[in-house]
Amino acid sequence: MNHLFINCLKIFLFYFIIKMLCLQQKNYNAHIICVLHIFVKQFIVFVKIYLWFLGKILKNVVGVIRKDIEIMINVNDFKTGMTISYEGNLYQVLEFQHVKPGKGAAFVRTKYKNIITGATREESFNPNDRYPKAHIETKKMQYLYSDGELYYFMDNETFDQIPLHLDQVEEALKFTRENDEVTVKFYKGAPFMVESAQFVDLVITDTEPGFAGNTAQGATKPATVETGFTLQVPLFINEGER
């Protein structure tokens with residue numbers, strides 16, 4: 001974009017110099033030719049600028065259209081980890097098996113998980129059925145604060161903030177402090193789930209005293225971390241540790 005404006009500036013400068021030379025030499029025919037030449041060059045530059053802006057607009061429009069188009073997935077093409085929209089919910093395929101019984105039609109036995117609730121189900125699908133593929137977008141965001149009802153997250157790139165409800169963030173908040181970075185998942189532009197970082201470093205704020213050498217196999221005790229979540233830890237862990 002910058003080089004187009006620089007070229008335009010060069011053309012105007014060139015026109016000014018030639019005009020002065022032509023006037024000094026009283027060569028009016030050359031002056032007219034010069035003006036026409038400069039006009040053509042200006043026209044070409046502005047056409048390039050116009051096409052550049054038009055290309056940007058079309059690119060954005062095409063991107064929006066692609067997001068709105070549903071890609072249909074044939075049951076025969078199910079793969080582990082694939083996400084689909086089924087009965088108004090979002091599901092992830094966990095396992096699948098193509099079955100061809102001696103009698104009756106073939107089917108695909110599938111185990112899948114509700115992405116939002118975590119509930120799993122098993123069901124047999126007709127291999128010729130088709131379902132919309134659910135395109136899940138993820139974005140790194142920063143957890144800011146809660147006003148008691150909503151939980152606010154900020155986009156690290158645009159600094160836009162979005163409010164989310166407790167049922168969308170409850171699991172993530174067990175291991176997330178204010179200003180921590182999390183992963184927010186979007187479906188069709190709407191956020192629906194928050195995931196905490198895979199590894200976190202939290203301080204134990206409350207637990208029964210432990211003692212060195214207490215390493216009884218499998219023995220644990222409850223401990224509360226700085227987010228307020230209570231989990232099980234080995235017996236030798238003390239308050240203040242991470």
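Right, let's walk through the structure included here. Just so you know, these numbers come straight off a predicted model, no measurement behind them. (Residues numbered from 1 in each chain as written. Predicted model: local features only at pLDDT ≥ 70, side-chain atom pairs only at ≥ 80, totals over all residues. Heavy atoms only, no water.)

Some remarks on the overall build of the chain
If you tally the helices and strands in the chain, you get three helices and 14 strands. Within the chain, residue pairs in contact and separated by at least 24 positions form 47% of the contacts whose partners lie at least 6 positions apart. Of the roughly 16600 Å² of accessible surface on the chain, a fraction of 57% belongs to carbon and sulfur atoms. (Helix = DSSP H or I, 4+ residues; strand = E, 2+ residues; numbered from the N terminus. Contact = heavy atoms within 4.5 Å. Areas by Shrake-Rupley, 256 points an atom, 1.4 Å probe, with all protein chains shown as cover.)

Section: the sheet that holds strand β4 (residues 107–114)
If you walk across this open sheet you meet the four strands as β2-β3-β4-β5, and the pairing is antiparallel. The two strands at the open ends of the sheet, each matched to only one other strand, are β2 (83–86) and β5 (120–125). Along the sheet, successive strands turn relative to each other by an average axial angle of 40°, direction set aside. With six bridges joining them, β4 and β5 adopt antiparallel strand pairing. (Pairing = 2+ DSSP bridges. Axes fitted to C-alpha atoms, helices over the stretch in contact; angles between N-to-C directions.)

Things to note about the side chain of lysine 185
Structurally, lysine 185 can be placed in strand β10 (residues 181–187). Overall, lysine 185 belongs to the buried group, its relative accessible area being 18%. For lysine 185, the side chain forms a polar contact with the side chain of glutamate 195, separated by 3.1 Å. (Buried < 20%, exposed > 50% of the residue type's maximum accessible area, 1.4 Å probe, protein only. Polar contact = N/O pair within 3.5 Å; in protein donor to acceptor, adjacent residues only side chain to side chain.)

Section: the packing of aromatic side chains
Aromatic rings in a pair are described by how distant their centres are and how their planes are angled relative to each other. If you walk through the whole model with that rule in mind, you get eleven aromatic pairs. Here the aromatic rings of tyrosine 86 and phenylalanine 125 are separated by 5.4 Å at their centres, their planes lie at 70°, and the arrangement is edge-to-face. Taken together, the residues tyrosine 86 in strand β2 and phenylalanine 125 in strand β5 connect sequence positions 39 residues apart. With relative accessibility at 3%, the residue phenylalanine 125 sits in the buried group. Here the aromatic rings of tyrosine 86 and tyrosine 131 are separated by 5.1 Å at their centres, their planes lie at 80°, and the arrangement is edge-to-face. You can see tyrosine 86 sitting in strand β2 and its partner tyrosine 131 sitting in strand β6 (residues 130–132), a full 45 residues away along the chain. Accessibility assignment for this pair places tyrosine 86 and tyrosine 131 in one class, buried. Ring pairing ties together the aromatic residues Phe78, Tyr86, Tyr91, Tyr112, Phe125 and Tyr131, which thus form one cluster. (Phe/Tyr/Trp six-rings, centres within 6.5 Å; stacked < 30°, edge-to-face > 60°.)

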